[in-house]
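Structure assessment
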Amino acid sequence: MTWLVALLVPLCWALREAADQGSGVEKIEKCDVRCSKGLQCKTKQHDFFSPPCQSSPEGLISSSVFLNVSLSTVMSCEGRQKCSLHLRVSTVLKLTEPIHGVSICTVTAGMLEHCKVLRFSKNSRERMAGQQVKVESDCFDVFPGQEVRVTLKTLPYYCGITWTSTYQVPACNTGELRSHIPECITGRLSYDVNPEKKELIVNVSDMLEDKDYHLRLCHKGYICRGTGSSALIKKEEPVKKATLVYSRPLPCICIEGWSAMTDAPRVQVCPFKDRLEELWFGVNFDPVEETLSWEPACPVVALASLCQKGDDGVCVDLPHASQNVSRGKITFTKVDPHPQLCMKFTAGSQSWTRCPFIHGKFQAWDVAVMERAGHEEIVMLSQITASFSVSVCVKSEGSPACHPIDAHTVHVVKQESVGFNLTGNLCKPNSCLQVKRLDVTYGATIIHCHLQCKVQDDVRARVPTPAVSEAKASLARWEVPWVIVPVGACLSAIIMVSLVLHLMLTVYQRKRNKLSGDCASEKHAEIYPPAINCGIPAFQTLPALHRQVYMPDSLQLGNFEKANLLSN
């Protein structure tokens, strides 16, 4: 019979533990200490300074005393949102005459040791000696996410007869804890997006009933930095709703909510977490330093590279022109701002391409066909001083590659054009002109095909071809800004000078009229001679002229001389 009990007790205990885990955290009315039926046990005060261990009796070893120890979390509640967690420690031990009780101690980081001592009565332990008994206590207070070290000892404490283990209390991500433990109640957030007004309408549910609730938008990174959009929902409000305004739908923009209390847990929801395409804007170019830069608005793991976009829409990566993106700003120095040069961003299996020069606003050079001396000529047009590699190349059938056969280095001075004596070679089938800027680190290799060959026919020489017309239009577009900008600057300077002179003349006129009036009044009263009253030095003050605004010495002397002439 004894062996059957020894077999069934651990099995039943294991089944109960599995059932408890399957149904979540077990709820109890109150914490208590329990022992097997027939074994009388009571809690004894724990001595802070415990006596040293005693030598264990012969044949008494730890594995033969503590046969099965289990640790679990239970919850007691005073209300729907006022629950607390406890650690339940259960053990099955073989009761022998030297064992008078069990000591259960727990300790957590930064806290003192907490022990429960269970002493068995003499009669019950003598009656149940040699049997396996069960001892259980669930009066150890714990908090979500804590790591607890548990130690079991015999009473009296025999050296080497101990059991020790570490237990991790469930964190707040458990459903029951988020609903009933105040330290875990964050509230639940739901939202609607109004893209026209750039608004997020946020609804809050399951928040702490006796606390106000904070909402805000933040940029999520190492920490969540507030964007300035926030709201406070009062606990008395029947509808827990607020509106938050955002500027851009970035993937790191999150809604953060928490109860208005110290060290309150927070919940975050990121409405645009899948909108990675919003990150690839803000590519900047400095035309003076020829620097292309981009800084991610959100932390992202990606690869940024420069590529050349062809007529087929495919952007081919330039060699040695890629950088890993994490948080900081990336920069490509000495970049040729050609419309075909683009920046490609790759994150995971997706990629996006941005072409900041596609509108030609920063284009510094071009190749065109122009009419000179009655014939057409290929020329290089440049707004900067630069060096280029120019060559005739041959395209293979069915391949976009163009193989150069004759290369030349051309140096072009700012605002000048240079002609190429290559038209004869370009008349061959599949021949193109390949141009690349040499004085930069990153530049596109531009291929011009179907250029006009040298014209021998006098009639065609007199009629401009479309290529000539396009070249003239290109020159006109480039020349207009360089004429308008200086003229505009000169006109602005003339207008400013005119306004300043007009202002000075107006002040001078008013000053002159005021002095003339004062002189006439004084002469009529015959108080002072006119020459003395009207000829006031620049930094002198007389009682009659306390409100006078003094003019520079040159203007003061002018008034003095005129006053003298009038008096004479």
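Conventions we followed
- Residues numbered from 1 in each chain as written.
- Predicted model: local features only at pLDDT ≥ 70, side-chain atom pairs only at ≥ 80, totals over all residues.
- Heavy atoms only, no water.
- Helix = DSSP H or I, 4+ residues; strand = E, 2+ residues; numbered from the N terminus.
- Contact = heavy atoms within 4.5 Å.
- Areas by Shrake-Rupley, 256 points an atom, 1.4 Å probe, with all protein chains shown as cover.
- Pairing = 2+ DSSP bridges.
- Axes fitted to C-alpha atoms, helices over the stretch in contact; angles between N-to-C directions.
- Phe/Tyr/Trp six-rings, centres within 6.5 Å; stacked < 30°, edge-to-face > 60°.
- Buried < 20%, exposed > 50% of the residue type's maximum accessible area, 1.4 Å probe, protein only.
- Lys NZ or Arg CZ within 6 Å of the ring centre and 35° of its normal.
- Salt bridge = Lys/Arg side-chain N within 4 Å of Asp/Glu carboxyl O.
- Disulfide = S-S within 2.5 Å.
- Core = buried A, V, L, I, M, F, W, Y, C linked by side-chain atoms within 4.5 Å.
- Lys, Arg positive; Asp, Glu negative; His and termini not counted.
- Polar contact = N/O pair within 3.5 Å; in protein donor to acceptor, adjacent residues only side chain to side chain.

It is worth spelling out the overall build of the protein chain at this point. When helices and strands are tallied, the protein chain shows 9 helices and 31 strands. Long-range pairs, those at least 24 residues apart, make up 64% of the contacts in the protein chain with a sequence separation of at least 6. A total accessible area of about 32,900 Å² is found for the protein chain, and carbon and sulfur atoms account for 55% of it.

Moving on, we get to the sheet that holds strand E9 (residues 147–155). An order of E3-E7-E6-E9-E10 is seen for the 5 strands of this open sheet, with the pairing classed as antiparallel. The two strands at the open ends of the sheet, each matched to only one other strand, are strand E3 (41–44) and strand E10 (162–168). Shown here is a sheet whose adjacent strand axes are inclined to one another by a mean of 20 degrees, direction ignored. Bridge count for strand E6 (residues 101–108) against E9 is 8 bridges, and the pairing is antiparallel. Bridge pairing in E9 links Val102 to Thr154.

Here a ring pair, both rings aromatic, is described through the centre-centre distance and the interplanar angle of the planes. The tally for this structure, following the rule as stated, stands at 10 aromatic pairs. Centre to centre, the rings of Tyr246 and Phe272 are 5.0 Å apart; their planes meet at 55 degrees, and the pair counts as tilted. In this pair, Tyr246 sits in the loop between strand E15 (241–245) and strand E16 (253–259) while Phe272 sits in the loop between strand E17 (266–269) and strand E18 (284–286), placing the two residues 26 residues apart along the sequence. Neither residue differs from the other here; Tyr246 and Phe272 are each classed as buried. Measuring from ring centre to ring centre gives 5.0 Å for Phe285 and Phe357, while their planes differ by 85 degrees; the resulting arrangement is edge-to-face. Taken together, the residues Phe285 in strand E18 and Phe357 in the loop between strand E24 (350–354) and strand E25 (365–372) connect sequence positions 72 residues apart. The pair formed by Phe285 and Phe357 is uniform in burial state, with each residue classed as buried. In this structure an aromatic cluster arises from ring pairing among Trp280, Trp294, Phe345 and Trp352. It is Lys153 that lies over the ring of Tyr157; its NZ or CZ is 4.5 Å from the centre. Stacked on the ring of Phe281, the Lys or Arg Arg354 has its end atom at 4.6 Å from the ring centre.

In the sheet, E9 pairs with E10 via 7 bridges, with the strands oriented antiparallel. Bridge pairing in E10 places Glu147 opposite Gln168. Adjacent in sequence and paired antiparallel, E9 and E10 are bridged by 6 residues, among which Gly160 carries a positive phi angle near 85 degrees.

Turning next to the pattern of salt bridges. For the coordinates displayed, the defined rule picks out 18 salt bridges. A salt bridge links Arg275 to Glu278, with the nearest nitrogen and oxygen atoms 3.4 Å apart. A relative accessible area of 31% places Arg275 in the partly exposed class. Here Glu278 falls in the buried class, since its relative accessible area comes to 16%. The salt bridge involving Lys334 is made with Glu290; its shortest N-O contact spans 3.1 Å. Of this pair, Lys334 sits in the loop between strand E22 (330–333) and strand E23 (341–347) while Glu290 sits in the loop between E18 and strand E19 (291–294), and the two are 44 residues apart along the sequence. When its relative accessible area of 34% is taken as the criterion, Lys334 is described as partly exposed.

What follows deals with the state of the cysteines. With the rule as written, the count across this model stands at 12 disulfides. In this model Cys218 forms its disulfide with Cys224; the gap between the sulfur atoms is 2.0 Å. Judged by the torsion about the S-S bond (70 degrees), the Cys218/Cys224 disulfide is right-handed. Here Cys218 falls in the buried class, since its relative accessible area comes to 0%. The class for Cys224 is buried, based on a relative accessible area of 12%.

Attention now moves to the nonpolar core. Judged by nonpolar contacts, the single largest core of 43 residues is most densely connected at Leu215, Trp280 and Leu292. If one sorts the elements of this core by residue count, E23 sits on top with 4 residues. Listed in part, the 34 residues of the second largest apolar core include Leu71, Leu85, Leu152 and Ile161.

The 4 strands lie next to each other as E28-E27-E30-E31, forming an open sheet whose pairing is antiparallel. Each edge of the open sheet carries a strand with a single partner, namely strand E28 (402–412) and strand E31 (445–449). Pairs of neighbouring strands in the sheet enclose a mean axial angle of 25 degrees, with direction left out of account. Sheet topology note: the strand E27 (residues 386–395)/E28 ladder contains 10 bridges and is antiparallel. When the sheet's bridge partners are listed, Phe388 is paired in E28 with Val410.

On to the side chain of Arg125. With respect to the secondary-structure elements, Arg125 resides in helix H3 (residues 122–127). Buried within the structure, Arg125 lacks any salt-bridge partner; its nearest side chain of opposite charge belongs to Glu97, at an N-O separation of 5.5 Å. Only 3.4 Å separates the side chain of Arg125 from the side chain of His100, close enough to count as a polar contact. If we ignore the near neighbours within four places in the chain, the residues touching Arg125 are Leu39, Leu95, Glu97, Ile99, His100 and Phe120.

So, on to the pairing of strand E5 (residues 82–94). Most of E5 sits inside the fold, with 10 of its 13 residues counted as buried. Taken together, the 12 bridges between strand E4 (residues 66–79) and E5 define a ladder with antiparallel strand orientation. Across the sheet, the residue bridging to Asn68 is Val92, located in E5.

Its place among the elements puts Val25 in the loop between helix H1 (2–22) and strand E1 (26–28). The spatial distance from the C-alpha of Val25 to the C-alpha of Thr73 is 6.3 Å, given a sequence separation of 48 residues. Contacts of Val25, omitting those with residues within four sequence positions, involve Thr73, Val74, Met75, Glu176 and Leu177.

The next thing to look at is the environment of Asp311. Residue position: Asp311 is located in the loop between strand E20 (302–309) and strand E21 (315–325). Judged by relative accessible area, Asp311 falls into the exposed class, the value being 84%. Spatially, the C-alpha atoms of Asp311 and Gln340 are 9.2 Å apart, while their sequence positions differ by 29 residues.

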